[in-house]
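Residue strings, one per chain:
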Amino acid sequence: DSVEVWKEFDKSKVYMADMESGLHYLFRVELASHQTLEGEELKTFKDFVTVVAKLFPGRQSVVKLLETLLEWLVSLPLERIPYDAILDLVNNKMRISGMFLSEKLQWVGCQGSRPELRGYPCSLWTLFHTLTVQASLRPDALANTGLEEDPLAVLQTMRRYIRSFFGCRECGQHFEAMAKESLEQVKSLDEAVLWLWRKHNQVNSRLAGALSEDPHFPKTQWPTPDLCPACHEEQEGLHVWNENKVLAFLKQHYSSGNISPKYTS
Ligand code: FAD
């Protein structure tokens, strides 16, 4: 095994390499544990590909790959799709036509101090925060997909993806419980952005100090004051979030202008 060289990165940026590596892992590793997709799982996978193809602010080659995969899934009248067929499409056909999803996992903002830490779960959070923000910035992007006009489209797709496919079953159960409790209250695309932020912070506080925590990346309530001073306020001696400022911060942080292409191949 080669020793990975530490990649310098800026915490105030989002890295395209993390999201592309996350998609790479999702298509080539996570999905591979399912031999065929059918029924609810197939519907969940189609919706996932729809949301990513329409909202992912990625490089043209990657978006093209996702759109081709989507067209193929939508046009196939099959009720069951073998995983190998999806892998074929992602791997070979795409390469021939010059469409490309990075060959190698490159964690940047998601790199861990040991190989088993951070990485994929970090990239999934990053991807879904980016997708909720994109949905709120481009409310028409899901037109004619069957998912339009639903402020919950991205979150429900994430919920169902996590429930059916995410390798960490315990994470899936925790996330499902949070969704069941409060997802219904989300009425707008902006509220969806804030809901995911709030739930991610709940997960952070639950996991602070746990074995899965990377000692170099302690779980914190995010964004920390150095990233967004205006997000933090004090009322009668207690910390409170200024949610308007948090929303503005999230919409800036996860916008395409803040996604760095550094370390993409
Ligand atoms: P992560 O928590 O993965 O965060 C990634 C990046 O997102 C951070 O570096 C930061 O830049 C940004 N960020 C942090 N907080 C927020 C926020 N509130 N809003 C927006 N952006 C933020 N692990 C378990 O052990 N048990 C679980 O039950 C569990 N449930 C999970 C549920 C889901 C849906 C997912 C995707 C992951 C879950 N995980 C769980 C994994 C865990 O949450 C972390 O992803 C993992 O421990 C890696 O942590 P990290 O330090 O890379 O930061």
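Note that the coordinates shown come from a computational prediction; the quantities given were computed from them, not determined experimentally. (Residues numbered from 1 in each chain as written. Predicted model: local features only at pLDDT ≥ 70, side-chain atom pairs only at ≥ 80, totals over all residues. Heavy atoms only, no water.)

### What about empty space enclosed by the protein?
Just so we agree on the cut-off: Only protein atoms enter the 1 Å grid, on which a cavity is a set of points fitting a 1.4 Å probe that cannot get out and a pocket is an open set with protein on both sides within 12 Å along at least 5 of 7 lines, lining residues being those with an atom within 4 Å of a point. Grid points are joined across faces, edges and corners, and a volume is the space filled by probe spheres set on the points. Charged residues are taken to be Asp, Glu, Lys and Arg, nonpolar residues to be Ala, Val, Leu, Ile, Met, Phe, Trp, Tyr, Cys and Pro, and polar residues to be all remaining types, Gly included.
The tally for this structure, following the rule as stated, stands at three cavities of 30 Å³ or more. In this structure, the largest cavity occupies an estimated 40 Å³ of space. For the lining of the largest cavity, the per-class residue count stands at two nonpolar, five polar and two charged.

### Details of the pairing of strand β4 (residues 232-235)
Formally: Two strands qualify as a pair provided DSSP detects at least 2 bridges between them. Counting from the N terminus, the helices are DSSP H or I runs at least four residues long and the strands are E runs at least two residues long.
Examined bridge by bridge, β4 and strand β5 (residues 238-241) share four bridges and lie antiparallel to one another. For Glu234, the partnering residue across the bridge sits in β5 and is His239. The turn linking β4 back onto β5 is made up of two residues, and Glu236 within it adopts a positive phi angle of 50 degrees.

### Description of the site of the ligand
Quick note on the threshold: For this description, a residue counts as near a given molecule or strand if any of its non-hydrogen atoms is within 4 Å of it. The definition of a polar contact used here is a pair of N or O atoms within 3.5 Å, where within protein one atom must be able to donate a hydrogen and the other to accept one, and adjacent residues in sequence count solely through side-chain atom pairs. The Shrake-Rupley method, run with a 1.4 Å probe sphere, supplies the accessible areas, and residue values consider only the shown protein chains as cover.
Arg118, His174, Trp197, His200 and Tyr254 are the nearest of the 23 residues found near the ligand. One of the backbone N or O atoms of Trp197 is found 2.9 Å from a nitrogen atom in the ligand. Protein chains shield 90% of the accessible area of the ligand, which is 950 Å² for the free molecule. Breaking the shell around the ligand down by element, the ones donating at least two residues are α5 (120-137), α6 (153-164), α7 (169-182) and α8 (189-207). No other element matches the seven residues that α8 contributes to the shell around the ligand. Classifying every residue of the shell around the ligand by side-chain character gives 14 nonpolar, six polar and three charged.

### A word on the state of the cysteines
In plain terms, the rule: Put simply, a disulfide is two cysteine sulfurs that come within 2.5 Å.
Counting across every chain of the model gives three disulfides. Taken N- to C-terminal, the disulfide-bonded cysteines of the protein chain are connected 1-2, 3-4, 5-6.

### Overview of helix α2 (residues 39-55)
Short version of the rule: Here, expected helix span is obtained from the residue count minus one, scaled by 1.5 Å. For every residue, the accessible area obtained with a 1.4 Å probe (protein chains only) is divided by the maximum for its type, and the residue is called buried under 20%, exposed over 50%, and partly exposed between those limits.
Taking 1.5 Å of rise per residue, 17 residues should cover 24 Å, and α2 covers 24 Å from first to last C-alpha, within 8% of that figure. Along α2, the positions that sit buried rather than exposed are Leu42, Thr44, Phe45, Asp47, Phe48, Val49, Thr50, Val51, Val52, Ala53 and Leu55.

### What about the nonpolar core?
Spelled out, the test is: In plain words, nonpolar cores are sets of buried Ala, Val, Leu, Ile, Met, Phe, Trp, Tyr and Cys residues tied together by side-chain atoms within 4.5 Å. Contact between two residues is taken to exist if any of their heavy atoms lie within 4.5 Å; hydrogens are not considered.
Judged by nonpolar contacts, the single largest core of 73 residues is most densely connected at Leu23, Phe27, Phe45, Phe48, Phe56, Leu69 and Leu131. Here the element with the most residues in this core is α5; it accounts for nine residues. With sequence-adjacent residues up to four places away left out, Leu23 is seen in contact with Phe48, Val52, Phe56, Leu66, Leu101 and Leu127.

### Details of the pattern of salt bridges
Test applied: Salt bridge, as applied in this entry: a Lys or Arg side-chain nitrogen positioned within 4 Å of an Asp or Glu carboxyl oxygen.
Counting across every chain of the model gives nine salt bridges. For Glu243, the salt bridge is made with Arg198, and the minimal N-O distance between the two is 3.1 Å. Here Arg198 lies in helix α8 and Glu243 lies in helix α9 (residues 243-253), a separation of 45 residues in the sequence. For Arg198, a relative accessible area of 31% corresponds to the partly exposed category. If you follow the salt bridges from partner to partner, you end up with Lys43, Asp47 and Arg160 in one network.

### Here's the deal with the side chain of Ser21
Examined against the element boundaries, Ser21 turns out to sit in helix α1 (residues 16-30). Among the polar contacts made by the side chain of Ser21, one reaches the main-chain carbonyl oxygen of Ala17 at a distance of 2.8 Å.

### Some points on α7
Each α-helix winds once per 3.6 residues, and so residues spaced three or four apart point in a common direction. Threshold: By construction, the arc corresponds to the directions joining the helix axis to the C-beta atoms.
Between its first and last C-alpha atoms α7 spans 20 Å; for 14 residues at 1.5 Å apiece the expected length is 20 Å, and the two agree. When α7 is considered as a whole, its buried residues turn out to be Gly172, Phe175, Glu176, Met178, Ala179 and Ser182. One face of α7 carries all of its buried residues, which in axial projection span an arc of 165 degrees. Residues of α7 that are exposed and point more than 90 degrees away from the buried face comprise Arg169, Glu170, Gln173, Lys180 and Glu181. Contacts from the buried residues of α7 go to α5, α6 and α8.

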